[in-house]
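Spelled out, the chains give:
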Amino acid sequence: MFVDTNGYVLKPLALRHKTLSPEKRQKYAISVSIISAQRLPLSSDLRVEVTLGEKTRTTKSIEGCTLSPTWNETFTYELECLPSMLDLTFLHIEIKHPKSKQSMLAQWVRTLGVAPRGFRYLPLYDALFSKYVFATIFVKLTIDPIA
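Since this is a predicted model, take the numbers as computed values, not measurements. (Residues numbered from 1 in each chain as written. Predicted model: local features only at pLDDT ≥ 70, side-chain atom pairs only at ≥ 80, totals over all residues. Heavy atoms only, no water.)

**Quick word on the overall build of the protein chain**
Secondary structure summary: the protein chain contains 1 helix and 9 strands in total. Ordered by position in the sequence, the α and β elements of the protein chain form the string α-β-β-β-β-β-β-β-β-β. Dimensions along the principal axes, computed over C-alpha positions, put the protein chain at roughly 60 × 35 × 25 Å. The long-range share in the protein chain, meaning contacts at least 24 apart out of those at least 6 apart in sequence, stands at 59%. Accessible surface for the protein chain amounts to roughly 8800 Å². Of this, 56% is attributable to carbon and sulfur atoms. (Helix = DSSP H or I, 4+ residues; strand = E, 2+ residues; numbered from the N terminus. Contact = heavy atoms within 4.5 Å. Areas by Shrake-Rupley, 256 points an atom, 1.4 Å probe, with all protein chains shown as cover.)

**Side note on empty space enclosed by the protein**
Inspection of the entire model under this criterion finds 1 cavity of 30 Å³ or more. In this model, the largest cavity occupies a volume close to 50 Å³. Along its surface, the largest cavity is lined by Val32, Leu91, Ile93, Trp108, Pro116, Leu122, Val139 and Leu141. Residue assignment for the lining of the largest cavity shows that the elements contributing at least two residues are β6 (90-96) and β9 (131-146). Grouping the amino acids of the lining of the largest cavity by side-chain chemistry returns 8 nonpolar, no polar and no charged. (1 Å grid on protein atoms, 1.4 Å probe; cavity = no way out; pocket = protein on both sides within 12 Å on 5 of 7 lines; lining within 4 Å. Points joined across faces, edges and corners; volume = space filled by probe spheres on them. Nonpolar A, V, L, I, M, F, W, Y, C, P; charged D, E, K, R; others polar.)

**A short note on the packing of aromatic side chains**
A full pass over the atoms with the stated rule returns 3 aromatic pairs. Aromatic side chains tyrosine 121 and phenylalanine 138 sit 4.5 Å apart centroid to centroid with 25 degrees between the ring planes, which places their arrangement in the stacked category. Here the residue tyrosine 121 occupies a position in strand β8 (residues 118-125), and phenylalanine 138 occupies one in strand β9, the gap between them amounting to 17 residues. The class of tyrosine 121 is exposed, set by a relative accessible area of 53%. Put simply, the rings of Phe119, Tyr121 and Phe138 pair up and form one aromatic cluster. Residue placement shows arginine 57 over the ring face of tyrosine 77; its charged tip is 4.7 Å from the ring centre. (Phe/Tyr/Trp six-rings, centres within 6.5 Å; stacked < 30°, edge-to-face > 60°. Buried < 20%, exposed > 50% of the residue type's maximum accessible area, 1.4 Å probe, protein only. Lys NZ or Arg CZ within 6 Å of the ring centre and 35° of its normal.)

**As for unusual backbone geometry**
Positive phi values are uncommon outside glycine, yet asparagine 72 reaches one of about 50 degrees. Mapped onto the elements of the fold, asparagine 72 is located in strand β5 (residues 70-81). A positive phi angle, close to 65 degrees, is found at phenylalanine 129, a residue other than glycine.

**What to know about the pairing of β9**
When strand β1 (residues 26-38) meets β9, the two strands line up antiparallel, connected through 11 bridges. Residue serine 31 lies in a different strand from β9, and its bridge partner there is threonine 142. Judged from the 7 bridges that link them, β8 and β9 form a sheet pairing that is antiparallel. Bridge pairing in β9 links tyrosine 125 to lysine 131. (Pairing = 2+ DSSP bridges.)

**Points about the pairing of β1**
Two faces belong to every sheet, and in a regular strand the side chains alternate between them. Of all 13 residues in β1, 10 are buried, a share of seventy percent or more. Relative to β5, β1 runs antiparallel, the two being bridged by 10 bridges. Following the sheet pairing, lysine 27 is matched in β5 by glutamate 80.

**Structural notes on the environment of methionine 85**
Inspection of the secondary structure puts methionine 85 in the loop between β5 and β6. Note: C-alpha distance between methionine 85 and tyrosine 121 (36 residues apart in sequence) is 25 Å.

Here it is, written out as structure tokens:
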């Protein structure tokens, strides 16, 4: 939650202010396209798990050893919450190697409030949240309010 900040994050507006007219809940359509990864540690049979809140979706496994797998899969989610509560909803992307004891190879985690929209190369981290040098995952993220 404190990545890319100076160590201090304000509570969401809904938790800071007690108003007589509460915010209205909003529905959001969230689309996460997992396109490819680059410069991963050499591994085989890789798959990606995308978790938003309590919902987890998994891509197909990529057979064989590769440094740069390609998945080209899109997952859609519907979320209903207060607009300021997007800062408390985490998007967790994990690249997994299911045949090893430590199945998680790399990860990226941010809240929806600060997650970058559009096509992005996201930096990857290991299980202890140490950054992999030059390793990225290429995704497209869209968050659209539903009327």
